[in-house]
Amino acid sequence: AALKYAEIEPVPCFTQPGADAVAEAKGTEIIKKIKQDVTRHRYGDEAHLDTTVKKLGLVVPGKAYPQLQELREEKTEDGELAFTMVWQSLDTPYKMWADERRRQKYETFFGPGVGAEVVKIDAE
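What counts, and where the lines are drawn
- Residues numbered from 1 in each chain as written.
- Predicted model: local features only at pLDDT ≥ 70, side-chain atom pairs only at ≥ 80, totals over all residues.
- Heavy atoms only, no water.
- Helix = DSSP H or I, 4+ residues; strand = E, 2+ residues; numbered from the N terminus.
- Rg over C-alpha atoms; globule rule 2.2 N^0.38 Å.
- Buried < 20%, exposed > 50% of the residue type's maximum accessible area, 1.4 Å probe, protein only.
- Lys, Arg positive; Asp, Glu negative; His and termini not counted.
- Charge placed at Lys NZ, Arg CZ, Asp CG, Glu CD.
- Pairing = 2+ DSSP bridges.
- Axes fitted to C-alpha atoms, helices over the stretch in contact; angles between N-to-C directions.
- Phe/Tyr/Trp six-rings, centres within 6.5 Å; stacked < 30°, edge-to-face > 60°.
- Contact = heavy atoms within 4.5 Å.

Broken down by element type, the chain carries six helices and five strands. The helix and strand sequence of the chain, counted from the amino end, reads α-β-β-α-α-β-α-β-β-α-α. Over its C-alpha trace the chain gives a radius of gyration of 15 Å, about what one expects of a compact globule, namely 14 Å for 124 residues. Projected onto its principal axes, the C-alpha coordinates of the chain cover approximately 45 × 35 × 25 Å. Each of the 124 residues in the chain was classed as buried or not, and the buried ones make up 33%. Charge centroids of the chain, computed over 18 positive and 22 negative side chains, lie 5 Å from each other.

Below, the structure is given as structure tokens:
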């Protein structure tokens with residue numbers, strides 16, 4: 001029962017047809033590891049990637065951790081990988097996510113040659 005309490009459900013990964021080959025060929029080691037980690041059951045963590053979001057300064061003290069909702073893998077028109085992480089972040093304001101210095105950290109975190117952008121999907 002204690003393990004069930006600390007269980008975090010796997011995050012769904014939506015892969016566009018044909019994008020799996022691009023993800024395999026162009027995904028950095030970090031991107032591949034994130035996908036592997038979050039698409040399986042986890043136990044004992046606050047949230048998927050909890051230490052990462054804390055390290056990036058995305059956890060407001062005393063508030064809930066942002067919750068990863070889904071991953072998306074798509075092939076861009078120029079044949080690159082678009083790896084999207086959709087978060088529900090009720091307690092961490094969008095402006096914190098979109099801060100330019102933080103956005104640059106995302107690029108270095110995910111590996112060499114990676115561009116990062118922050119897009120607000122909705123207010124929920």
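Structure shown, so let's carry the discussion forward.
A few words on the sheet that holds strand β4 (residues 67–75). Strand order across the open sheet formed by three strands is β2-β4-β5, with mixed pairing between neighbours. A strand with exactly one partner marks an edge of an open sheet, and here the two such strands are β2 (13–15) and β5 (81–88). The sheet shows a mean angle of 15° between the axes of neighbouring strands, taken without regard to direction. Examined bridge by bridge, β4 and β5 share eight bridges and lie antiparallel to one another.

In total, this model carries two aromatic pairs according to the counting rule given. When the ring of F109 is compared with that of F110, the centres are 5.1 Å apart and the planes differ by 85°; the resulting orientation is edge-to-face. Owing to a relative accessible area of 14%, F110 belongs among the buried residues under this scheme.

By the element assignment, V38 lies in helix α3 (residues 29–38). Sequence spacing of V38 and L90 is 52 residues, and the spatial spacing of their C-alpha atoms is 20 Å. With residues up to four places along the chain from it excluded, the contact list for V38 reads P10, V11, H48, L49, L68 and L71.

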